[in-house]
Amino acid sequence: MRVKFYFGVAFAALLSSLHMVPAALAADGEILRATPLDRPAQLSRLAVHGALLDVAEVEGRLVAVGERGHVLLSDDGGFGWTQVVTPVSVTLTAVDFADARTGWAVGHGGLVLQTTDGGRTWRRQTDGRALVHAFAAAEHAARARGDGVLAEKLQRFIDDGADKPLLDVLFLDARRGFAAGAYGLLLATEDGGTRWTMASDLLESEEDRHIYAIRQLGDVLYLVGEQGLLYRSRDGGASFSRMESPSEGSWFGLVGAGNEQILLGLRGALWRSDDGGAHWRPLQVDTRYSFVAGLVLGAGKGYLFADDGGGIWRLDGEEGTPRRLDASARFPLTSLTLAADGGVVASGLLGTLRIAVPGL
């Protein structure tokens, strides 16, 4: 079980720009220009100490993704990691699995990778270059029904090329999935990713805020993002409706169970609802760091949160004030994951670490 959050386009954009592939000379002197979308990730013993933005737990295995196209596996609860080969060297931002073998990772350049063997091998499903056809079809459909605002947004996607980062991915089963990213970009698939289509028309036409996370709580899907972006779907993603946000600050994630929900956001923002998002109240937290990751610890055990200053916070079920744990990191964090043995694994800008949580 894992819940992860991505805390901003700017950070991933910085990573991507730092790792652009330089031009190289072919044998005949011709300049060859490889791009991160075409260059396989380099295997490195230092990958475990690099920026890892997301970790998923699946059938006892942990799968971490991050900068330079790095994917690492752990079969011992996060104590040891092994890097595997991927076909790209762009930043990977999120990973999700539908079952023990089938999973997807998304990243910069509109990239979607798939694995069918539990993360050992990965292949490209699509990227921003191939998605131009999906953008064009959606732009044509928007103009045909008279939605000029959406059509103009889609035309900008086409004009910009393959640069749009995908920031999160969620699969409801082995066939139905969503990927979301910058400027209101939302993709959907009904065939396990063989074909991805634009789903931005499910949102309001003028929506151009970044979508940082896609969440499923029970039978309800949520989109959270920049400047208070908050959408909900009660029909499995066939449609989304805009929710009233309790704040105009950016949201980086949502955790909860049943009608109890907690929004995580900018500069120490934690808002709690006990009625499925109809009403919200702020939780008082003594930090100005942004909350970027959250984890449900189990029935009656409360929640765990991480901030982008490396802080780890515990909210017990019967208490209303989160408290900072001593087991905090010395680097910014990006995700929290519950390992199969009950331990908690955090990832961030300097790799991963196991966290000791009292009572687990």
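Residues numbered from 1 in each chain as written. Predicted model: local features only at pLDDT ≥ 70, side-chain atom pairs only at ≥ 80, totals over all residues. Heavy atoms only, no water.

Helices and strands together make up the secondary structure of the chain, namely three helices and 30 strands. Taken across its 360 residues, the chain has 58% of its residues classed as buried. Within the chain, contacts between residues separated by at least 24 positions form 47% of all contacts whose residues are at least 6 apart in sequence. Taking the average place of the 35 positive charges on the side chains of the chain and the average place of its 44 negative ones, the gap between the two points comes to 3 Å. (Helix = DSSP H or I, 4+ residues; strand = E, 2+ residues; numbered from the N terminus. Buried < 20%, exposed > 50% of the residue type's maximum accessible area, 1.4 Å probe, protein only. Contact = heavy atoms within 4.5 Å. Lys, Arg positive; Asp, Glu negative; His and termini not counted. Charge placed at Lys NZ, Arg CZ, Asp CG, Glu CD.)

Turning our attention to the nonpolar core. Counting residues in hydrophobic clusters, the biggest one holds 21 residues, and the most contacted among them are Leu187 and Met198. Ranked by the residues each element gives to this core, the list is headed by helix 2 (residues 128-144), at five residues. If you look at the next biggest cluster of nonpolar residues, it comprises 17 residues, including Val58, Val65, Val71 and Ala105. (Core = buried A, V, L, I, M, F, W, Y, C linked by side-chain atoms within 4.5 Å.)

Next up on the list: the sheet that holds strand 8 (residues 92-97). What the four strands build is an open sheet, ordered 8-9-10-11; its pairing is antiparallel. Since the sheet does not close on itself, it has two edges, and those belong to strand 8 and strand 11 (123-126), each with one partner. Looking at each pair of strands side by side, their axes are set apart by 30 degrees on average, direction ignored. The pairing of strand 9 (residues 103-107) with strand 10 (residues 111-115) spans five bridges and is antiparallel. Its bridge partner being in strand 10, alanine 105 is matched across the sheet by leucine 113. (Pairing = 2+ DSSP bridges. Axes fitted to C-alpha atoms, helices over the stretch in contact; angles between N-to-C directions.)

This part covers helix 3 (residues 148-160). With 13 residues, helix 3 extends 18 Å from end C-alpha to end C-alpha; this agrees with the ideal 18 Å at 1.5 Å per step. Turning to helix 3, its buried residues are Leu150, Ala151, Lys153, Leu154 and Phe157. For helix 3, the arc enclosing every buried residue in end-on projection is 160 degrees, short of the 170-degree limit, so these residues lie on one face. At its buried positions, helix 3 is contacted by helix 2 and strand 15 (197-198). Count one or two residues on from helix 3 and you reach glycine 161, which has phi positive near 80 degrees. (Expected span 1.5 Å × (residues − 1). Arc of directions from axis to C-beta.)

Positive phi values are uncommon outside glycine, yet glutamate 59 reaches one of about 50 degrees. Tracing the backbone through its elements, the reader meets glutamate 59 in the loop between strand 4 (52-58) and strand 5 (61-66). The class for glutamate 59 is exposed, based on a relative accessible area of 66%. The phi torsion at glutamine 227 lies on the positive side, around 50 degrees, for a residue other than glycine. Note on placement: glutamine 227 falls in the loop between strand 17 (220-225) and strand 18 (230-233). For glutamine 227, a relative accessible area of 49% gives the class partly exposed.

Turning next to the pattern of salt bridges. One pass over the full model with this rule turns up 18 salt bridges. A salt bridge links arginine 124 to aspartate 127, with the shortest nitrogen-to-oxygen separation between them at 3.0 Å. Looking at aspartate 127, the relative accessible area reads 4%, which means it is buried. Between arginine 242 and glutamate 204 there is a salt bridge, with the nearest N and O atoms lying 2.9 Å from each other. In this pair, arginine 242 is assigned in strand 19 (residues 241-242) and glutamate 204 in the loop between strand 15 and strand 16 (211-217), connecting sequence segments 38 residues apart. Shared partners join several salt bridges into a network, and the residues in it are Asp38, Arg124, Asp127 and Arg129. (Salt bridge = Lys/Arg side-chain N within 4 Å of Asp/Glu carboxyl O.)

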